[in-house]
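A look at the structure
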Amino acid sequence: MKILCIDRNHPLLIEQLKQHNFQIVEDYTSTKPQIEKIIHDFDGIIIRSRFPLDKEFLSQAQSLKFIGRVGAGLENIDTDFAQTKGILLFNAPEGNRDAVGEHSLGMLLAIMNLFRKSDNEVRNGIWLREENRGEEIKGKTVAIIGYGNMGKAFAQRLQGFECNVICYDIKPNVGDKNCRQTSMKEIFNSTDILSLHIPQTPETIALVDANYINQFQKPFYLLNTARGKSVVTKDLVIALKSGKIKAAALDVFEFEKASFESLQEFSSDFQYLVESDRVLLTPHIAGWTHESKIKLAQTIVNKILAHFNPLENKL
């Protein structure tokens, strides 16, 4: 089988596939139109987020049997059209769930204990103790929206903090020993800390808007390590200014490029987030550890080999 790799990943991915007699072609520079002209010659394609695999692209991929996305989300792929063509979709949320769980916990501790503000003050010769008094996670209700690989990893890491962990998911019966599945009504009524772990879908785009935020009965902390388009930035800023949202930790942003490589817009609302000492920002790196790079690649290799193994088929 012939596989095209259009994004750089951990070397083990290519090394192991070659060991199993896959023919690998690497192309990290050609444009989408250029690759469209050659994709008909490939049985598989491995991507991260360089450009979307839309209907136009997939229509040219007459021989394509699978797409391997070295990451969690599939929003850059026209999944419905791919499935009508019988193309298998492999992604790797198992590969970076530990990184996301740890990053989420770290961001939560930082915003509840004013790490950014107090660190900056000490570096500038300002010593304020009472003004930087933090809050404890113990006794708080943490609500997780989306209880898949990432949500479960975060809930697991909250064990030991003696907090109440609840979740909402469109799938039934996903709760476990670390988290009780419940209704949005209870989440709106009880939440002290809200953490998003949802994929980007038509239903989740602009989910956290003014109407959604105002249904919470208590001021709350917001974490988003999922997808930036789930949160309406202008409504977040309004809620921060009013105190409805006590602080926010954001690893993803509404105006990120589809490739996640940079921001495509720098609005006045985003400038407020940059300047606020109640907001912690990281550049879409929650799942971006040295360990996750290995695990993401290995997960994709394992899934490909589970379905297509020319070396075993030859024996």
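Described in the following lines is the structure provided in the data block.

Scoring rules and cut-offs
- Residues numbered from 1 in each chain as written.
- Predicted model: local features only at pLDDT ≥ 70, side-chain atom pairs only at ≥ 80, totals over all residues.
- Heavy atoms only, no water.
- Pairing = 2+ DSSP bridges.
- Helix = DSSP H or I, 4+ residues; strand = E, 2+ residues; numbered from the N terminus.
- Polar contact = N/O pair within 3.5 Å; in protein donor to acceptor, adjacent residues only side chain to side chain.
- Axes fitted to C-alpha atoms, helices over the stretch in contact; angles between N-to-C directions.
- Contact = heavy atoms within 4.5 Å.
- Salt bridge = Lys/Arg side-chain N within 4 Å of Asp/Glu carboxyl O.
- Buried < 20%, exposed > 50% of the residue type's maximum accessible area, 1.4 Å probe, protein only.
- Parallel < 35°, antiparallel > 145°, perpendicular 65-115°, else oblique.
- Left-handed = near helix turned anticlockwise from the far one by under 90°.
- Nonpolar A, V, L, I, M, F, W, Y, C, P; charged D, E, K, R; others polar.
- Right-handed = clockwise from strand over helix to strand, strands pointing away.
- Core = buried A, V, L, I, M, F, W, Y, C linked by side-chain atoms within 4.5 Å.

One open sheet accounts for seven strands, arranged β8-β7-β6-β9-β10-β11-β12; its pairing is parallel. The outermost strands of the open sheet, each flanked by one partner alone, are β8 (180-181) and β12 (279-281). Across five bridges, strand β6 (residues 141-145) lies against strand β7 (residues 164-168) in parallel orientation. When the sheet's bridge partners are listed, Thr141 is paired in β7 with Asn164.

Following the sequence through the fold, Asp41 ends up in the loop between α2 (32-36) and β3 (44-47). For the pair Asp41 and Ala155, spaced 114 residues apart in sequence, the C-alpha separation works out to 44 Å. In terms of polar contacts, Asp41 uses its side chain to reach the side chain of Lys2, at 2.5 Å.

What follows is about the sheet that holds strand β1 (residues 2-5). Taken in spatial order, the five strands make up an open sheet running β2-β1-β3-β4-β5, and their pairing is parallel. For this open sheet the edge positions go to β2 (23-26) and β5 (88-90), each flanked by a neighbour on one side alone. Adjacent strand axes in the sheet meet at a mean angle of 20° when their direction is disregarded. The pairing of β1 with β3 spans three bridges and is parallel. By the bridge assignment for β3, Cys5 is matched with Ile46. With respect to the sheet, helix α1 (residues 11-19) is in contact with β1, β2 and β3, its orientation differing from that of β2 by roughly 150°. Here helix α12 (residues 290-307) sits on the sheet and contacts β3, β4 (66-69) and β5; the angle it forms with β5, its principal contact strand, is near 150°.

Glancing now at the pattern of salt bridges. Evaluation of the coordinates by the stated rule reveals 17 salt bridges. Between Asp98 and Lys295 there is a salt bridge; the shortest N-O distance is 3.1 Å. Here Lys295 lies in helix α12 and Asp98 lies in helix α5 (residues 93-112), a separation of 197 residues in the sequence. On the basis of relative accessible area, Asp98 is assigned to the partly exposed category, the value being 26%. Across the salt bridge formed by Arg123 and Asp119, the nearest N and O atoms sit 2.7 Å from each other.

So, about the packing of α5 against α12. Packing of α5 against α12 brings their axes to within 7 Å, and their N-to-C directions diverge by 160°. As summarised for this structure, α5 and α12 are arranged roughly antiparallel, according to the angle between their axes. Between α5 and α12 the crossing geometry is right-handed. When α5 is examined against α12, the residues Pro93, Glu94, Gly95, Asn96, Asp98 and Ala99 are found in contact with a partner set consisting of Ser292, Lys295, Leu296, Thr299 and Lys303. For the contact of α5 with α12, a count of residues per class yields three nonpolar, four polar and four charged.

Right, let's talk about the pairing of β7 for a bit. Note on the crossover from β6 through helix α7 (residues 149-158) to β7: the handedness is right-handed. Here β7 pairs with β8 via two bridges, running parallel. In the sheet register, Ile166 faces β8, and the bridge partner there is Arg180.

Along the chain, the position of Asp54 falls in the loop between β3 and α3 (55-59). What makes Asp54 partly exposed here is its relative accessible area of 25%. Considering only alpha carbons, one finds Asp54 and Asn76, 22 residues apart in sequence, at a separation of 7.5 Å. Excluding residues within four positions of it along the chain, Asp54 makes contact with Lys32 and Asp78. One polar contact links the side chain of Asp54 to the main-chain amide nitrogen of Phe57, over a distance of 2.9 Å.

By size, the foremost hydrophobic cluster in this structure holds 27 residues, and its most contacted members are Leu194 and Leu236. Secondary-structure elements contributing two or more residues to this core are β6, α8 (184-190), β9 (193-196), α9 (210-214), β10 (220-224), α10 (233-242), β11 (245-250) and α11 (268-275). Look past the residues within four positions of Leu194 in its chain and what remains in contact with it is Ala143, Ile145, Ile187, Tyr212, Phe216, Phe220, Tyr221, Leu222 and Leu223. The next biggest cluster of nonpolar side chains, apart from the first, holds 22 residues, and it includes Val165, Cys167, Ala247 and Ala249.

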